[in-house]
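One letter stands for each residue in the lines below.
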Amino acid sequence: MDVKESGPPYFIAVATYLSWMILFMFGHARDFFRKLFLKSTCREGYAPIRQDYEDFYTRRMYYRIHDCWNRPIGSAPTSWFDILERTPVAGEKPINTTGVKRHCLNLGSYNYLGFAASDDYCTPRVMKTLEKFGWGTSSSRTEAGTTEKHAELETLVAEYLGVEKAVTFGMGFATNSFSIPALVNKGCLVLSDALNHSSIVAGVRASGATVKIFRHNDVAHLEQQLRKLIVQGQPRTHRPWKKVLIIVEGIYSMEGEICNLKEIVELKKKYNAYLYLDEAHSIGAMGRNGKGICEHAGVNPRDVDVMMGTFTKSFGSCGGYIAGSIDLVDHLTKISPGHKYAASMSPACVEQIISALNLIMGKADSTRGTEKIKSLHENSNYFRAKLLAMGMDVLGDWDSPVMPIMMYAPGKLASLSRACLDRNIGLVVVGFPATTLLTARARVCISASHTREDLDFALEVLEEMADTFGLRYHPVHLNSKFDAKSGAKETVMIQAEAK
């Protein structure tokens, strides 16, 4: 059973909007008096670099609670890590580290399989590669930046995914933002999920293609848009589109939800459209063998035209890849600025990915990789079931390691983040503009490296937070039972008695 967002109670929604209105009015009042009594710092004769209205949110809202983000860490992002404590918030002044470390449970990193820390198999191979190739290539892939390790990785990625060929990039964000403009341009149509990542948004904007948004994970609305836009053709001329590209994500990073891949593949075949699948959060984390949403949904990977993923989550490294047909990859290596001009990945980072893939694929150890994936799913489902049993509003699907806990009210963001830090838990909170005004949340990321004791400690603290900050929103909650040994999931709806 999928766990979907049910939305806030009416009173919570109204109170949340009132909170934003109060912040907005007080902010503008302070700006008014600031202009009256404070002299402008802009150089005479120059236009201001930034206008007041352009950074109103940053000055009047973000800087009040900016200690909840950008927290520096002083160790590897394992299941527990060291967070560097900082000075208190003082308006727009920088907050500096104090030299004190706090040892916290890590619920914020994307270290899904635990490869981001020292590993008995991966680390010695990375160090050996570092000694041989140095820190970096100081060149792009088309000049002197391709080593034997880069070629080995691309061959291994194609084999792992079950496609013809793959090409790698040095940055995950740039993999989308540089590859999409190389695939579509003016005269093309892009249909993009409403909650796609900002790297996809940046790539589509740069392409010059016509873009239409369909409701999040709504295949019926996608088909409605497809049918209408194909009939209409290009704006003004009504000529047929050069090509139609559908872009979705495997796991949506702010929702924890899995895309309806099987239905979307059927749809793209029906209308002869291309499909671009972003698996930044799902590759390595979903499917019995970690092969992503295709394996999870039972879809042939060759039915997906463009497979994108990153190495920054499950593989504990950096960079990303595009995989698919030989024609696709050869085209990108000739056109994409991310391949032609950007510096290539450090060979040591490449070796980290190769070593992790060898473990996952069973080439180095027949069981260790699959055990990590199984442990990730068990941890994720155990944690999700316990949160639901507490009556919290938790987004996402089973097996997904991303779990947003809805808070709605903006005032709860800072309070929850600071309270969890005081109790030695490093937790990410997310609000506007990364989400809509009404959907502030805390986001939990689970790792295979977490022990059951780690998870129980976090659940104990979060249950306290649920009572303190009123996070049990609904009178009807899901009492979820999860059998960690068999992997069976059972959810029972319980009607809470009205008092």
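Scroll up for the structure.
Below, the structure is looked at part by part. (Residues numbered from 1 in each chain as written. Predicted model: local features only at pLDDT ≥ 70, side-chain atom pairs only at ≥ 80, totals over all residues. Heavy atoms only, no water.)

Some thoughts on the pairing of strand β7 (residues 274-278)
Counting buried positions along β7 yields four of five residues, so the element is predominantly enclosed. Strand direction decides the pairing type here: strand β6 (residues 244-249) and β7, joined by five bridges, are parallel. Each bridged residue has a counterpart across the sheet, and for V248 the counterpart in β7 is L277. In this fold, β6 hands off to helix α8 (residues 261-270), which returns the chain to β7; that crossover is right-handed. Sheet topology note: the β7/strand β8 (residues 306-310) ladder contains three bridges and is parallel. Note on β8: the bridge partner recorded for Y276 is V306. (Buried < 20%, exposed > 50% of the residue type's maximum accessible area, 1.4 Å probe, protein only. Helix = DSSP H or I, 4+ residues; strand = E, 2+ residues; numbered from the N terminus. Pairing = 2+ DSSP bridges. Right-handed = clockwise from strand over helix to strand, strands pointing away.)

Regarding the sheet that holds β6
Across the sheet, seven strands lie side by side as β3-β9-β8-β7-β6-β4-β5; this open sheet has mixed pairing. Of all the strands in the sheet, just β3 (165-169) and β5 (210-214) have a single pairing partner and so form its edges. Across this sheet, the average inter-strand angle for adjacent strands is 20 degrees, counted without regard to direction. Seen against the sheet, helix α6 (residues 198-207) touches β4 (189-193), β5, β6 and β7 and runs at an angle of roughly 165 degrees to β6. (Axes fitted to C-alpha atoms, helices over the stretch in contact; angles between N-to-C directions. Contact = heavy atoms within 4.5 Å.)

Some remarks on the pattern of salt bridges
For the coordinates displayed, the defined rule picks out 22 salt bridges. Its salt-bridge partner being E152, residue K149 comes within 3.6 Å of it at the nearest N-O pair. With a gap of three residues between them, K149 and E152 both fall in helix α4 (residues 148-161), about one helical turn apart. A salt bridge links K268 to D305; the shortest N-O distance between them is 3.0 Å. Of this pair, K268 sits in helix α8 while D305 sits in the loop between α9 (293-297) and β8, and the two are 37 residues apart along the sequence. Accessibility expressed as a relative area gives 8% for K268, which makes it buried. (Salt bridge = Lys/Arg side-chain N within 4 Å of Asp/Glu carboxyl O.)

Focus on helix α7 (residues 219-232)
For α7, built from 14 residues, the straight-helix expectation of 20 Å at 1.5 Å per residue is met to within 8% by its first-to-last C-alpha distance of 20 Å. Looking at α7, one finds that the buried residues are V219, H221, L222, E223, Q225, L226 and L229. Residues of α7 that are buried sit in contact with β4, β5, β6 and α8. Two to three positions downstream of the cap, the backbone nitrogen of A220 sits 3.2 Å from a side-chain oxygen, assigning the N-cap of α7 to D218. Taken from the residues just after α7, G233 is the one with a positive phi, measuring 75 degrees. (Expected span 1.5 Å × (residues − 1). Polar contact = N/O pair within 3.5 Å; in protein donor to acceptor, adjacent residues only side chain to side chain.)

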